[in-house]
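Reading the structure
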Amino acid sequence: MPPHDIPHDNFLQDSAPPDRVGATARRAVRVGIGGPVGSGKTTLVGSLCALLRDELSIVVVTNDIFTSEDADALRNAAALPTERIVAVQTGCCPHTAIRDDIAANLDAVEQLETLHGDVDLTLVESGGDNLTAIFSRGLVDVQVFVLDTAGGDDVPRKGGPGVAMADLLVINKVDLAQYVGSDVNQMLSDARDRRDGRPVIPTSLVDQSGAREVAEWVVAQIAARRQ
Amino acid sequence: MMLIDGRFPAGGHTNSAGVEAAVRIGDIRDDATLERYLRGRLATTGRVDAAFCAHVAALANPTDAVLGVIDSEYSARMLSPQLRDASRRFGRQLLRAGSTVWSGPIVDAVARSQSDAHQPVVLGAFVAAAGGTPDNAAALSFHHLAAAVTSAAIRLLGLDPMTVAAVQARVGCEVDQWMVDAELWATSPVAELPACGGSLTEILAEDHGRWDARLFVA
């Protein structure tokens, strides 16, 4: 059956396998940021870093860098020191690198966390991909899927693992809806129908404060794992 | 069989074995030039990798000193710092993934290494831990290289995967001799293992590692 027809119950966190050996000893909470090309993943990562860097020790592994200008843009937007951001090559297969063969990303995550020692939050940004891409639980603890309002308001209705299973769905660029004829309320409603109660947040990331609600969600995830 | 499978999660899909750089300079353009490139790698670095992999596969419980010599000898055959770094990275990733499946004194010894072990050393250790033989190791080493080269070419040039599979099969027949050589590699002193690197491989790897944007690690 197509992925979006698989009953959501199959993916409930309650039935998730226990963390891998050693995973419980680390302090950093690993958050995956996925979504189609151009949906705003890099901007979201930059905004989260800017909003949270004073209270949390953050590192970023990004798969979405195609030129060093992208890296510089992220470094400037994130205002994180260069040594806290690492780019990983994915061999033309962004979904493989976050799902089927996580070795390169896991290596980068562990190297960064070991190097900095005190990491609270590790953000793993996937390369832009299609609606079926999802992060392996061996790589991240929780994941955010980012959609673009201007990418078509039928996308949440189409579903797929990213839309249905991500721990948080962000519907971004809602400020553009009026120009592209997208119905944001319909998108939110379709998304909620697919998500079995998991949260959906509409955002506009024109400035960094637009990510505040997502940042609060991330902080809550970290707090929940430290209890 | 799991070690041979391209889906084994050790990061092999991020290795083009130099193909990304060779495509950029026009050295690989089609099936024919891909076949020439693959034959070239098998005659040079591929043979070195297979020899080290087979040698390690014959060790049961090597001392740290023995592994240290193997590490130095392999590094001496790989001049490019970019290539050495990539080789140790792929070794580290293979060790992490393989350790969830296989264990044994040789795996422990490799994991203890002061510097991250090179990929062929880790592969040989897992062959030994899985009960394989040196000629199994040589065959695996071929498949790792051939799979990296062919799958990268398919992705970067859009070549026909069926004709590329035929290239891989045709070239594979030429390394049958490795299965015989493997017995020799298993018992010969490390210093006498093949040392036939390729200067273009090294030069292209150094250039590739400094690209503004690249899709593969090496």
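Residues numbered from 1 in each chain as written. Chains lettered and ligands numbered in written order. Predicted model: local features only at pLDDT ≥ 70, side-chain atom pairs only at ≥ 80, totals over all residues. Heavy atoms only, no water.

1. Comments concerning the overall build of chain A
Within chain A, the regular secondary structure consists of nine helices and seven strands. When contacts within chain A are restricted to residue pairs at least 6 apart in sequence, long-range pairs at least 24 apart make up 79% of them. Carbon and sulfur atoms make up 49% of the accessible area of chain A, which amounts to about 9,900 Å² in all. (Helix = DSSP H or I, 4+ residues; strand = E, 2+ residues; numbered from the N terminus. Contact = heavy atoms within 4.5 Å. Areas by Shrake-Rupley, 256 points an atom, 1.4 Å probe, with all protein chains shown as cover.)

2. Quick look at a nonpolar patch on the surface
All names here are of chain A. A surface patch of nonpolar side chains, about 300 Å² in accessible area, is lined by L176, Y179 and V180. Turning to its location among the elements, L176 is positioned in the loop between β6 (168-172) and α7 (177-180). Residue L176 is classed as partly exposed on the basis of its relative accessible area, which comes to 31%. (Patch = residues over 30% accessible without salt bridge, like charges linked within 9 Å, V, L, I, M, F, W, Y side chains within 5 Å. Salt bridge = Lys/Arg side-chain N within 4 Å of Asp/Glu carboxyl O. Buried < 20%, exposed > 50% of the residue type's maximum accessible area, 1.4 Å probe, protein only.)

3. What about the interface of chain B and chain A?
Listed by partner, the interface residues are 20 residues for chain B and 19 residues for chain A. Contact between chain B and chain A buries roughly 1,600 Å² in total, counting both sides, with carbon and sulfur atoms accounting for 50%. Broken down residue by residue, the surface that chain B buries against chain A is led by B:H13, B:R96 and B:L215, which jointly contribute 36%. Where chain B packs against chain A, one counts three salt bridges. Counting the contacts that link chain B with chain A gives nine residue pairs in polar contact (both at pLDDT 80 or more). Residue assignment for the side of chain B that touches chain A shows that the elements contributing at least two residues are α5 (81-98) and α8 (134-157) of chain B. The leading source of residues in the side of chain B that touches chain A is α5(B), at four residues. (Buried area = accessible area lost by both parts, 1.4 Å probe. Polar contact = N/O pair within 3.5 Å; in protein donor to acceptor, adjacent residues only side chain to side chain.)

4. Quick look at empty space enclosed by the protein
Residue and element names in this part refer to chain A. Counting across every chain of the model gives one cavity of 30 Å³ or more. Per-element tally for the lining of the largest cavity: the top contributor is strand β5 (residues 142-148), with three residues. Here the lining of the largest cavity is built from residues that sort into six nonpolar, three polar and no charged. (1 Å grid on protein atoms, 1.4 Å probe; cavity = no way out; pocket = protein on both sides within 12 Å on 5 of 7 lines; lining within 4 Å. Points joined across faces, edges and corners; volume = space filled by probe spheres on them. Nonpolar A, V, L, I, M, F, W, Y, C, P; charged D, E, K, R; others polar.)

5. Observations concerning the environment of B:R88
All names here are of chain B. Topologically, R88 is positioned in helix α5. Spatially, the C-alpha atoms of R88 and G98 are 15 Å apart, while their sequence positions differ by ten residues. Leaving out residues up to four positions away in the same chain, R88 has contacts with D71, S75, S115, D116, A117 and H118.

6. Examining the sheet that holds strand β1 (residues 29-34) of chain A
Residue and element names in this part refer to chain A. Spatial ordering of the open sheet is given by β3-β2-β4-β1-β5-β6-β7, a layout of seven strands whose pairing is parallel. Pairing within the sheet leaves two strands with one partner each, and these edge strands are β3 (85-87) and β7 (200-202). Strand-to-strand, the axes of this sheet are offset by a mean angle of 20°, without reference to chain direction. Two elements, strand β2 (residues 58-62) and β3, share three bridges in a ladder whose sense is parallel. (Pairing = 2+ DSSP bridges. Axes fitted to C-alpha atoms, helices over the stretch in contact; angles between N-to-C directions.)

7. A look at the packing of helix α4 (residues 103-116) of chain A against α5(B)
α5(B) packs onto α4(A) with a crossing angle of 100° between their chain directions and a minimal axis gap of 10 Å. Here α4(A) is positioned roughly perpendicular relative to α5(B), judged by the angle of their axes. From α4(A), A:A103, A:A104, A:L106, A:D107, A:E110 and A:Q111 reach across to α5(B), where they touch B:R89, B:R92, B:Q93 and B:R96. A per-class count over the contact of α4(A) with α5(B) returns three nonpolar, two polar and five charged. (Parallel < 35°, antiparallel > 145°, perpendicular 65-115°, else oblique.)

8. Quick word on the confidence of the model for chain B
Residue and element names in this part refer to chain B. Per-residue confidence for chain B gives a mean pLDDT of 94, with 100% of residues at or over 70. Here helix α11 (residues 199-208) stands out as the element of chain B with the lowest mean pLDDT, 91, in contrast to helix α3 (residues 45-57), whose mean of 98 is the highest. The ipTM for the predicted assembly is 0.80, set against a pTM of 0.84. (pLDDT = per-residue confidence, 0-100.)

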